[in-house]
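# Fold and contact review
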Amino acid sequence: MNQLTKVRLKNFKSIRKMELPLTPLNVMIGANGAGKSNFVGFFKMLEAISTQRLEEYAGLQSSSPGFFFYGDRNYGIDCELGLLLNGQPVTYGFVLKPNNEDQLVFVEERIVYEDKNYSLGTGHRESHLYTDSGNKVRNKLSRQIGDLIRQWQVFQFHETSQMRGTHYIHDNLVLLGNGANLAPYLMVIKEKHPNHYRRIVRTIQLIMPYFRDFELEPLRLDSDRNRLDWREVASNARFSSVNFSDGSLRFAALATLLLQPTEMMPSLILIDEPELGLHPMAVRLLASMIKAVAVNTQVILATQSKTLVDEFSPEDVVVLDRQMDDETGYFSSTFRRLDTTALEQWLHEYKLGDIWDKDLFGGRP
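The paragraphs below set out a description of the structure included in this document. (Residues numbered from 1 in each chain as written. Predicted model: local features only at pLDDT ≥ 70, side-chain atom pairs only at ≥ 80, totals over all residues. Heavy atoms only, no water.)

## Concerning the overall build of the protein
Where we set the bar: What counts as a helix is a DSSP run of H or I of at least four residues, what counts as a strand is a run of E of at least two, and both are numbered from the N terminus. The globule rule used for comparison is 2.2 Å times the number of residues to the exponent 0.38, while the radius of gyration itself is calculated over C-alpha atoms. Buried means the residue's accessible area, taken with a 1.4 Å probe over protein chains only, is under 20% of the maximum for its type, while exposed means over 50%, and partly exposed covers the values in between. Throughout, a residue-residue contact means that at least one pair of heavy atoms, one from each residue, lies within 4.5 Å. Surface accessibility follows the Shrake-Rupley procedure with a 1.4 Å probe radius. Residue values consider only the protein chains on display as shielding. Counted charges follow a simple rule, with Lys and Arg positive, Asp and Glu negative, and His plus the chain ends left uncounted. We put the charge of a Lys on NZ, of an Arg on CZ, of an Asp on CG and of a Glu on CD.
On a plain count of helices and strands, the protein comes out with 10 helices and 17 strands. A globule of 365 residues ought to have a C-alpha radius of gyration of about 21 Å, and the protein, at 22 Å, matches this closely. Considering the protein as a whole, with its 365 residues, one finds that 51% of them fall into the buried category. Restricting to contacts in the protein with at least 6 residues of sequence separation, those with at least 24 account for 57%. Total accessible area on the protein is roughly 16600 Å²; 47% of this is exposed by carbon and sulfur atoms. Between the mean site of the 41 positive side-chain charges and the mean site of the 45 negative ones, the protein shows a separation of 3 Å.

Quick look at the structure:
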């Protein structure tokens, strides 16, 4: 499968310098303020770059100095992504700096393929991934890279109010990052992929045994909208999503994301703190779904849950810490993947979350 193999990043928010090889499954842990949210934010920036919305994204987020390490505008955000495209290694890189009006500008954008460097230009405010040049190889590569990055999605199901209420039924091409179109998206899976839909329902029933099924048909007075109604097992009484707890609604969104048909799945999913409000049994079930998905889809997971970490191997886990950077004298986010060999004696007696709790490999305050 096409995937992201490496991220090299400099001068982005709390990240002074990092180079992180990525595998099909990556579980990021660390204390509050270690840099997990900033790493998630970097992928949101990549989404804006690939969809030609960097200027809009930067304007809505903050002034440009807020994107740089301790506001260091001189160095600029320097990024390099290692990719596999149809089994072939390709590198996409860029450097962003502010202009006199504090707008982010590409001072460099490039692709490296088979030891050849293809420049995408300089001085532009939106990516040139979809801009034609006279070089056919460069045009093909840049579009493939843009299309791949557009398939990456960040999911944060923290605010469940977005999932409640009525929704436009044709907003169903992809599951939105906040789950706001959960009802229309489930309706598509129910109609087009009934086996996957039944699996989603059965999985939700494992955590909510009182749940029978969703009611997703269009509203009688507005056939272009539906809502996330559901029925109870014993009474068959019909309830609205208001009667779903926040944790139940988050789990329903996670089950939909992770159990949807493979052909509907993003090529990379980044999930931010999916354990929020979930029972420990639901967290363990979530881990099994994540591991199954990672066979076909690359997963990056940011979590604070000891219970969730227990379900993974050390090689899956990337530890984030905030440590002093010797060059600048400022605290900087660091990234380090665990190694089973280094923890072997502890793993005989303890689960990985317990070892984390004992502060034996960092990732704690």
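## Quick look at the sheet that holds strand β16 (residues 317–324)
Condition: Pairs of strands are assigned from DSSP output, requiring at least two bridges between the strands. Lines are fitted to the C-alpha atoms to define the axes, a helix being fitted only along its stretch in contact, and any angle between axes, read from their N-to-C directions, falls within 0 to 180 degrees.
Ordered in space as β8-β14-β15-β3-β16-β17, the six strands form an open sheet in which the pairing is mixed. This sheet does not close on itself; its edge strands, each paired only once, are β8 (152–155) and β17 (331–337). Taking each pair of neighbouring strands and ignoring which way they run, the sheet shows an average axis angle of 20 degrees. Where helix α1 (residues 36–50) meets the sheet, its contacts fall on β3 (25–30), β8, β14 (268–272), β15 (298–303), β16 and β17, and the angle it forms with β8 comes to roughly 140 degrees. Here helix α7 (residues 280–293) sits on the sheet and contacts β3, β14 and β15; the angle it forms with β15, its principal contact strand, is near 150 degrees.

## Considering the pairing of β14
Regular strands have side chains that alternate between both faces of the sheet. Of all five residues making up β14, five are buried, and the element is well covered by its neighbours. Two strands pair when backbone bridges link them, and β8 and β14 are joined in this way by four bridges, in the parallel orientation. Within the sheet, the bridge partner assigned to Q153 lies in β14 and is I269. Looking at chain direction, β14 and β15 are connected through five bridges and run parallel. Looking across to β15, one finds that I269 is bridged to V299.

## Quick look at the sheet that holds strand β6 (residues 104–113)
Spatially, β2-β1-β4-β5-β6-β7 is the arrangement adopted by the six strands of the open sheet, whose pairing is antiparallel. The sheet is open, and its two borders are formed by β2 (15–21) and β7 (116–119), each paired with just one other strand. The average angle at which neighbouring strand axes cross in this sheet is 15 degrees, direction not considered. Where β6 lies against β7, four bridges are found, and the strand directions are antiparallel. For I111, the partnering residue across the bridge sits in β7 and is Y118. Contacting β4 (77–85), β5 (88–98), β6 and β7, helix α3 (residues 136–150) runs over the sheet at an angle of about 95 degrees to β4.

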